[in-house]
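Given next are the chains, with one letter for each unit.
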Amino acid sequence: MRIDCPLCGARDRREFYYQGAAVMLARPAPDAGEAAWDAYLHLRDNPAGQTRELWQHEAGCGAWLMVTRDTVSHVISGVEMAEDVKRAAL
Amino acid sequence: MRVAGKGLIDRSRRVRFSFDGKTYGGFAGDTVASALLANGVKLMGRSFKYHRPRGVLSAGSEEPNALITVGKGAQAEPNVRATVQEIYDGLVTRSQNAWPSLDFDVMAANDLAAPFLGAGFYYKTFMWPKRFWEAVYEPIIRKAAGLGALSGQSNVDTYEKAFAFCDLLVIGAGPTGLMAALTAARAGADVVLVDEDSLMGGRLNAETGAVGHQSGAVWAAGVVAELSGMENVRLMSRTTVTGVYDGSTYGAIERVSQHHAERSGGRPVACFWRIVARHCVLAAGAIERPIAFQNNDRPGVMTAGAVRAYLNRWDVSPGKRVAVFGNNDDAHRTARDLVAAGVHVVGLIDARADVDVGDAAYPVFAGAQVCNTGGRNALESITVRTATGEHALQVDCLAVSGGWNPTVHLTCHMNGRPTWREDIQAFVPTEGAVPDMTVAGACNGVFSTAACLADGVAAGKAALKALGKRTAEVEVPVAEDAPYALEPLWAVAGKGRAWLDFQNDVSVKDIRQAAAENFKSVEHMKRYTTQGMATDQGKSSNIGALAILADATGRAIPETGTTTYRPPFVPVSIAAMGAGGQGHGFAPERWTTSHKRTEEMGAPMIEAGLWYRPSYFPKAGEATWRESCDREVGYVRKAVGVCDVSTLGKIDIQGPDAGKLLDFVYTNVFSTLKVGRVRYGLMLREDGTVMDDGTTARLGDDHFVMTTTTAAAGAVMRHLEFVSQCLHPEWEVAFTSVTEQWAQFAVAGPKARELLNGLVDAPIDGESWPFMACGPVSVGGVTGRLFRISFSGEHAYELAVPSRYGAALFDELVARSEKLGGGPYGMEALNVLRIEKGFITHAEIEGRATAFDVGMGRMISAKKDCIGKVMAARPGLVEEDRPQLVGLRPVKADGALTGGAHLFDAGAEPVRVNHQGHVSSVGFSPDLGCMIGLGFLRRGPARMGEVIDMVDHVRGVQTRVTVCAPVFIDPDGERVRG
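If you're wondering where the values come from, they're calculated on a predicted model, not measured in any experiment.

Engineer: Sorry, what's going on with the overall build of chain B here?
Structural biologist: Helix and strand content of chain B: 23 helices and 49 strands. Burial statistics for chain B: of 978 residues in total, 59% are counted as buried. Across chain B, contacts joining residues at least 24 apart in sequence account for 67% of those joining residues at least 6 apart. By element, 54% of the accessible surface of chain B is carried by carbon and sulfur atoms, the whole surface being about 39,200 Å². Each charge class in chain B can be summarised by its mean position, and for the 100 positive and 107 negative side chains these summaries are 3 Å apart.

Right under this line is the structure:
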């Protein structure tokens, strides 16, 4: 498996650290309530198809990436800098 | 038997090798199989279960029978296919799975018991008594069944792994692969062409047909010569692609020096490749399948294509009187080649009744079948069943062809399932099964040489198009374009055992029995009968077996389906996959700048993550590590000790929002910290448990340096990156790891300042350097950093210098500390010193403990948000009943404490329901004269002074202990400020 890091180019997945679903980008406010925090930390969709997930190019540039990947075909259809995704959402 | 005037072996180079202790001669270019056949040796192995005599079946990597052990002693390699192993002078080979000898194998008695040993035999027979399985049945079965044995010695050979990148990977260098590679290479694509054979050309080396105006083999050699002269082409022979993975990544095993004697000088035996290709052309060819009939496993029965290969490539006729049995046109090619080479063809038994034989130069039995064979350890006769009855024919070789199966394996490694083609009675790859792969030639069901050459060009062009490159015209040479017609025949009806899977001794009867017992799914059938298992993975037998299963269950073949094809395509040595990972290569080793000196002082090293740290520094006259440890603890408590603490993670944090970041990742406030001061911080995970702790120093308004624990340095760095990139990209802050850039040493003990004042260029005092002060210092003209922090509770400092001065500084610190009655201390002493003060490490913050549990609940600032704050407040995490940090002392001074032991109320039965907590860290305190410990006890802080029981069920230790505050020395912290 290879991930096309926007800074470094296509690299073997061994260079990357896998975090999990990209919902981690949307940290709830401290007073968002139990349900929101429970969802943020614990509840994950498990789709057969497109997922958005966070990887870090840990053995490379250190960038956190949002990777759009199909869990059935393993095809990666998009790699964005998590920083850019988060900025756009701010 | 050699046939003169043919073949591709080098008759000028004689080679001698041994098989089962006997020396044989051959020629350069021979495999063990071809050379043994040339010497008249047909018996090459014994079967897995029944120990039936077996000879070579094939001429390629699909070989199920002729498995041998190559080499001697530690270098012995079992289960090598004799059809793949090339011979060289001095090669030593042995047969397997036979005792006392291959010719006379005692275990062949199993064959007589065959009626009782069919499919599912083990499952039915060895059920009772239960404990007999491990004790009696399994050892006996394992001894009787089996392949080659490992040497039992450490592997002394060298292996390698490597990576390659290319525009186009072409798998297989037969007519299709060569044309595809040529087409792409001439257009300028970066091509890697791999082939598992030692000689590129594929079937062209085994056939007599011409390509253009040359023989196929000569034409192939010409193409290979052209390709090898091109800079954009890499040719890899003896390399088998073993697996296809995501992202157009291919695994491949290269036999680097398994074909010659020179293995010295670090030259690897084999190399495991990971090849990343933008596009791939799969031209893996096809594998011929046998036909099942009674006793079709006798040595001398071979596939028809293999007989042709031995004849045309290796100048060997596997017999003097040969019969051919087939259901297709291709079988006739074998008969024609044999006749042309002057070998007596006794007859061709063609199962098809309406076959047009033309003017064949050999007797043809149309509409007939071979229904049995005779002979002992080699084939002597066959029984032919015709419309008029059964006739015996005296033959010493039978060439069998049940048709060809395209080698679809690699196309199925990414979940693809092959498609059944009725016209060729075989599975072909399903279009698009592997992204960026074009399948061509025999692998795609294209069988004539002319069609393969044209298909190779088309595949090369398709690849170029996919790569966005322009195509150059390539002329397709003229070659045979014979039709391939066949009539399905999987098994000849009759009594007795007709073999499908030679390697696992699975017969037609076994498959039918599995179906009768309702193991009707092809995957169930496989596991019940062991069909298709072991080293050959049923390459020549799987399709036949599932055809029988389809018949037995009344389903069509495509409906029955195939089992799952998984990597690797051929066996791969674990040593090659893990090349470089043995011994010191297992993991990187991180050494501090004091490593060399530390080793010179005889300190045993312990691993801390990838780091190596001294356990203790032994001195003459000390008999145990405890003596050394006690002495080193004394240095720090009474004089001065020095310790390399460079392994702690150091992260340099800069920017106007650095304080904001620290406030967010630590539970306590850092933005208010004054420049020149240090603060202890606690870091949580978002779920509220403790992640790490350490000190952070403020070196300037916008400049901090954070220390992490040795173990969590990487995780903390990743965490900071996550926070700054994923949660707060708007903050202006940047950080980088400087762990490797600074060598840092603890100087601890009442004489610490005295030591430093002889060393630093300007003397320090308590006023300018109070507890928790930090700042630059000059050490021999070098600017370093001094931190007045303590992990021992003593008056202590940490002195950091750029790493290149680390070794020199350590030498200096050791010398100066020794003059003051102290010296270096290791991890054992460091551990005792911190337990005496109740300082936590990852033995306490092990991923479950909360700030509340370690007594730091109040460190979570109420004034601000931080990672983990919300979740740390969950009721379950701040319950008074939770096990919380306490100190533990034995009631009797000689009582033992052990890490990991459990805590119970005094006198309570030490069982799970009574569990009150556990011991996390222990050590012997020389000052207290007894063992002390830290642990987690339910409602611990409310139970000071209570006497409880410590029970270690694993080590068999039980000690009565007193609960105390987790600080054993200087509870008011006077020394550290002194």
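Here the narrative resumes, following the displayed structure.
Engineer: Any chance you could explain the packing of helix α17 (residues 658-665) of chain B against helix α18 (residues 713-727) of chain B here in plain terms?
Structural biologist: Two quantities define a packed helix pair, namely the angle between the axes and the distance from one axis to the other. All names here are of chain B. Between α17 and α18, the shortest axis-to-axis distance is 11 Å and the interhelical angle comes to 115°. Judged on the interaxial angle alone, α18 and α17 are roughly perpendicular. In the packing of α17 onto α18, the handedness of the crossing is right-handed. Along the contact surface, α17 presents Leu 661, Phe 664 and Val 665, while α18 presents His 719, Leu 720, Val 723 and Leu 727. The residue inventory of the contact of α17 with α18, partitioned by class, reads 6 nonpolar, 1 polar and no charged.

Engineer: Honestly, the interface of chain B and chain A in this entry has me stumped. Any pointers?
Structural biologist: The extent of an interface is frequently quoted as the accessible surface area lost upon association of the parts. With 25 residues of chain B in contact, the opposing surface of chain A contributes 25 residues. Carbon and sulfur atoms make up 60% of the surface buried where chain B meets chain A, a total of about 2,300 Å² over both sides. For the chain B face of the interface with chain A, the top three residues by lost area are Asp246(B), Arg718(B) and Gln725(B), together amounting to 26%. On inspection of chain B and its partner chain A, the count reaches 3 salt bridges. On the surface where chain B and chain A come into contact, there are 9 residue pairs in polar contact (both at pLDDT 80 or more). Broken down by element, the residue count for the side of chain B that touches chain A peaks at 7 residues, all from α18(B). Looking at the side of chain B that touches chain A, its residues break down into 11 nonpolar, 5 polar and 9 charged.

Engineer: Where do I start with the environment of Glu63(B) in this structure?
Structural biologist: Residues and elements named next belong to chain B. Here Glu 63 lies in the loop between β4 (53-54) and β5 (67-70). Under the relative-accessibility criterion, Glu 63 is labelled buried at 0%. For the pair Glu 63 and Gly 538, spaced 475 residues apart in the sequence, the C-alpha separation amounts to 9.4 Å. Of the polar contacts made by the side chain of Glu 63, one reaches the backbone nitrogen of Leu 57; its length is 3.1 Å.

Engineer: When you look at the sheet that holds strand β38 (residues 734-737) of chain B in this model, what are you seeing that I'm missing?
Structural biologist: What holds strands together in a sheet is hydrogen bonding between their backbones, with the strands either parallel or antiparallel. All names here are of chain B. Spatial strand order, β35-β36-β37-β34-β38: 5 strands in an open sheet with antiparallel pairing. Each having just a single partner strand, β35 (678-684) and β38 make up the two edges of the open sheet. Strand after strand, the sheet turns through a mean of 25° between neighbouring axes, direction not considered. Where strand β34 (residues 649-654) lies against strand β37 (residues 703-708), 6 bridges are found, and the strand directions are antiparallel. Counterpart to Gln 654 in the pairing with β37 is His 703. Taken strand by strand, α18 contacts β34, β35, β36 (690-700), β37 and β38, and its axis lies near 165° from that of β38.

Engineer: Even after reading the chapter, I still don't get helix α16 (residues 625-638) of chain B, so can you show me in this structure?
Structural biologist: Counting along an α-helix, one turn takes 3.6 residues, and residues three or four places apart therefore face a common direction. Residues and elements named next belong to chain B. An ideal rise of 1.5 Å per residue puts 20 Å on 14 residues; α16 measures up with 20 Å between its terminal C-alpha atoms. Counting buried positions along α16 gives 10 out of 14 residues, so the element sits mostly inside the fold. Looking only at α16, the buried set comprises Ser 628, Cys 629, Asp 630, Arg 631, Glu 632, Val 633, Gly 634, Tyr 635, Val 636 and Arg 637. Those residues of α16 hidden inside the fold are in contact with β33 (641-644), β39 (742-748), β43 (823-824), α21 (827-837), β46 (917-925) and α23 (974-977).

Engineer: I'm lost on the nonpolar core in this one. Help?
Structural biologist: One broad trend across soluble globular proteins is that nonpolar side chains are buried collectively. In this structure, Phe17(B), Val32(B), Leu36(B), Val56(B), Met302(B), Tyr310(B) and Leu338(B) are the most contacted members of the largest nonpolar core, which totals 49 residues. When sequence neighbours within four positions are dropped, the list of residues in contact with Tyr310(B) reads Ala33(B), Ser34(B), Leu37(B), Val56(B), Ser58(B), Ala59(B), Thr83(B), Met302(B), Asp315(B), Val316(B) and Pro318(B). Counting residues in hydrophobic clusters, the runner-up holds 38 residues, among them Trp64(A), Ile653(B), Met717(B) and Leu727(B).

Engineer: Would you mind showing me how to read the pairing of strand β40 (residues 774-779) of chain B here?
Structural biologist: Within a regular beta strand, the side chains point alternately toward one face of the sheet and then the other, so they alternate between its two faces. Residues and elements named next belong to chain B. Sheet topology note: the β40/strand β41 (residues 782-787) ladder contains 6 bridges and is antiparallel. Residue pairing in the sheet places Pro 776 in a bridge with Arg 785 of β41. Between β40 and β41, which pair antiparallel and follow one another directly, the connecting turn spans 2 residues, one of which, Gly 780, has a positive phi of 55°.

Parameters and conventions
- Residues numbered from 1 in each chain as written.
- Chains lettered and ligands numbered in written order.
- Predicted model: local features only at pLDDT ≥ 70, side-chain atom pairs only at ≥ 80, totals over all residues.
- Heavy atoms only, no water.
- Helix = DSSP H or I, 4+ residues; strand = E, 2+ residues; numbered from the N terminus.
- Buried < 20%, exposed > 50% of the residue type's maximum accessible area, 1.4 Å probe, protein only.
- Contact = heavy atoms within 4.5 Å.
- Areas by Shrake-Rupley, 256 points an atom, 1.4 Å probe, with all protein chains shown as cover.
- Lys, Arg positive; Asp, Glu negative; His and termini not counted.
- Charge placed at Lys NZ, Arg CZ, Asp CG, Glu CD.
- Axes fitted to C-alpha atoms, helices over the stretch in contact; angles between N-to-C directions.
- Parallel < 35°, antiparallel > 145°, perpendicular 65-115°, else oblique.
- Left-handed = near helix turned anticlockwise from the far one by under 90°.
- Nonpolar A, V, L, I, M, F, W, Y, C, P; charged D, E, K, R; others polar.
- Buried area = accessible area lost by both parts, 1.4 Å probe.
- Salt bridge = Lys/Arg side-chain N within 4 Å of Asp/Glu carboxyl O.
- Polar contact = N/O pair within 3.5 Å; in protein donor to acceptor, adjacent residues only side chain to side chain.
- Pairing = 2+ DSSP bridges.
- Expected span 1.5 Å × (residues − 1).
- Core = buried A, V, L, I, M, F, W, Y, C linked by side-chain atoms within 4.5 Å.

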